[in-house]
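As a plain string of letters, each chain reads:
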Amino acid sequence: MNEVSDIGVIGLAVMGENLILNMESKGFHVSAYNRSVDKVEHFVNGRAKGKNIYGAKSIEDLVSSLKSPRKVMLMVKAGKPVDDFIDLLIPHLNKGDIIIDGGNSHFPDTERRVKYVESKGLYFIGTGVSGGEEGALLGPSIMPGGSKEAWPAVKPIFQGIAAKVADGTPCCDWVGTGGAGHFVKMVHNGIEYGDMQLINEIYHIMKNVLGMSAGEMHEVFKEWNEGELDSYLIEITRDILAYKEADGTPIIDRILDTAGQKGTGKWTGTVALELGVPLTLITESVFARCLSALKDERVAASKVLTAGPTPAFDGDKKAFIDHLRDALYAAKVISYAQGYQMMKAAAKEYNWELSYGNIALMWRGGCIIRSRFLGNIKEAFDKNPDLANLLLDPYFAEKIQACQNGLRQVTSTAIQNGIPVPCLNAAISFYDGYRTERLPANLLQAQRDYFGAHTYERTDQPRGQFFHTNWTGRGGDTASTTYDV
Ligand code: NBP
């Protein structure tokens, strides 16, 4: 087979197969390969039959079927399989050829792989691909980063297959060097965790405090999806709540309350701690899944820790549902504000030039967190690319101030009724913390100075001057040399 294909894809599971079919439908000629070669046969004789898709029998066969510069995209399980395939490919590729990893790799791995592959005279792109099976087939959100020199060769294919917003702009653009693409995908997944948990907390309050049925909740989510909350996750929640089993029972009432996770939310929380960014909402959403997984312990605890309120509501239900809508909107704004703060911190740490408006555009379609609201985020960063925090953009500042009361009412009602709302609570605490001119960290710093001579700055002296007090009269004047803010 000689040099006919525009791109080769390795990995014929759900993502790889659907991406190949998407590429072919946009006029690209694709070569397909898989570790278990029988799956290649199965694919070319099945879903790929009659299409411009070549089934490669070996790595050599795959590589020799590609036009130069050769582009090979890995859609395999993240981790060692990616490194294994890189090492299998390198001996067969020529200078300037491109290896692309489209799996959910952790961004430090991508940083390492870019350096390694470039050291061999080749290029490496690590790209986030979001949208699951349907997105891969019909148009995903694609977030590429790595060797920038490789972008012009890959751009027509990626932008050709990506989801498009209403004006036809593709939900794919260059993110940045090194692991930037996979970093942005990781934050996307973290935001997805946060959005999902927020909807879950609202559902919990509707069900247990307001006593709403699945059908009633369906109607509310349907209405919300026609307004500012319009998003894929609200849309699927609406549909899930309407789904009934053969006996007419809503299926949601029969699904066990333990959530799984694949680890990208955990990465987001861990990296936030490493970068020192207060990514409280997403991190709480990861812990919420961990708590849900302790099903047996929770069942046992529910029999022991019986003290607490019995949920009851005697207020204006309609007005409270409006508060729920405002709470969800406000908490979402705060979660995205935190996610963007984290991307800004990472850009500084890793020397990436991230375009925050473009990132919002890439998430606007094709991916799980797609929503109307991302259009407003794009506008905010287009107006001011150096915006310190999304909450300070005039549009969002007005919105959050209009909705904060709803968030406050809902969070306090939930606590009064014994309903756990870790993410709503994280949102209102962040809002109040961020807008507080003087936090109690003066006391904290005094405590640190008391037991560890860590020193403090004073309100009546310029910043950067450090003081130590001999609090007990027993300590000396020697202060610790490290003052880490
Ligand atoms: P999987 O993550 O299930 O991976 C299946 C592919 O990995 C198959 O081609 C399999 O080959 C190959 N593979 C495995 Br498993 N172990 C291997 C090994 N040790 N060496 C070489 N190849 C190995 O597929 P997927 O769900 O299509 O996802 C592909 C990538 O895209 C993953 O990184 C995933 O996290 C990411 N992603 C998935 C989704 C989604 O909705 N599923 C969405 C976005 C991103 P075999 O056939 O020979 O076993």
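As annotated in an unreviewed UniProt entry, the protein carries the name 6-phosphogluconate dehydrogenase, decarboxylating and comes from Niabella drilacis. The heading Function (unreviewed entry) in the UniProt record of the protein holds the text "Catalyzes the oxidative decarboxylation of 6-phosphogluconate to ribulose 5-phosphate and CO(2), with concomitant reduction of NADP to NADPH." Of the protein, the UniProt comment under Subunit (unreviewed entry) reads exactly: "Homodimer."

Our focus in this paragraph is the packing of aromatic side chains. For the structure on display, the rule yields 20 aromatic pairs. Ring centres 6.1 Å apart and planes at 80° place the aromatic pair Phe107 and Trp352 in the edge-to-face group. Of the two residues, Phe107 is situated in helix H5 (residues 107-119) and Trp352 in the loop between helix H14 (317-350) and helix H15 (356-362); the sequence distance between them amounts to 245 residues. Like Phe107, the residue Trp352 is buried in the burial classification.

The final tally for this structure, using the stated rule, is 25 salt bridges. Here Lys80 and Asp84 are joined by a salt bridge, their closest N and O atoms 3.1 Å apart. Of this pair, Lys80 and Asp84 both sit in helix H4 (residues 80-89), 4 residues apart, which is roughly one turn of that helix. Overall, the relative accessible area of 59% leaves Lys80 in the exposed class. The exposure class assigned to Asp84 is partly exposed, which follows from its relative accessible area of 35%. As a salt-bridge pair, Lys295 and Asp257 come within 2.6 Å of each other at their nearest N and O atoms. Taken together, the residues span a long stretch of sequence, with Lys295 in helix H13 (residues 295-304) and Asp257 in the loop between helix H10 (232-242) and helix H11 (264-275) at a distance of 38 residues.

Quick look at the UniProt feature "domain: 6-phosphogluconate dehydrogenase C-terminal" (unreviewed entry) in the protein now. UniProt records the feature "domain: 6-phosphogluconate dehydrogenase C-terminal" (unreviewed entry) for residues 181-472 in the present numbering. Taken end to end, residues 181-472 is 64% helix and 0% strand, and its first and last C-alpha atoms sit 53 Å apart.

The next point concerns the site of the ligand. Near the ligand, the surroundings consist of 19 residues, among which Met15, Asn34, Arg35, Ser36 and Lys39 are the closest. Within the side chain of Lys39, a nitrogen or oxygen atom sits 2.6 Å from an oxygen atom of the ligand. Lys77 is positioned with one of its backbone polar atoms (N or O) 3.1 Å from an oxygen atom of the ligand. Contact with the protein chains removes 76% of the 900 Å² of surface that the ligand exposes when unbound. When residues of the shell around the ligand are traced back to their parent elements, those giving at least two are helix H1 (14-25) and H4. Partitioning the shell around the ligand into residue classes produces 10 nonpolar, 6 polar and 3 charged.

Procedures and definitions
- Residues numbered from 1 in each chain as written.
- Predicted model: local features only at pLDDT ≥ 70, side-chain atom pairs only at ≥ 80, totals over all residues.
- Heavy atoms only, no water.
- UniProt positions renumbered as here; feature names shortened; annotations may be inferred.
- Phe/Tyr/Trp six-rings, centres within 6.5 Å; stacked < 30°, edge-to-face > 60°.
- Helix = DSSP H or I, 4+ residues; strand = E, 2+ residues; numbered from the N terminus.
- Buried < 20%, exposed > 50% of the residue type's maximum accessible area, 1.4 Å probe, protein only.
- Salt bridge = Lys/Arg side-chain N within 4 Å of Asp/Glu carboxyl O.
- Near = heavy atom within 4 Å.
- Polar contact = N/O pair within 3.5 Å; in protein donor to acceptor, adjacent residues only side chain to side chain.
- Areas by Shrake-Rupley, 256 points an atom, 1.4 Å probe, with all protein chains shown as cover.
- Nonpolar A, V, L, I, M, F, W, Y, C, P; charged D, E, K, R; others polar.

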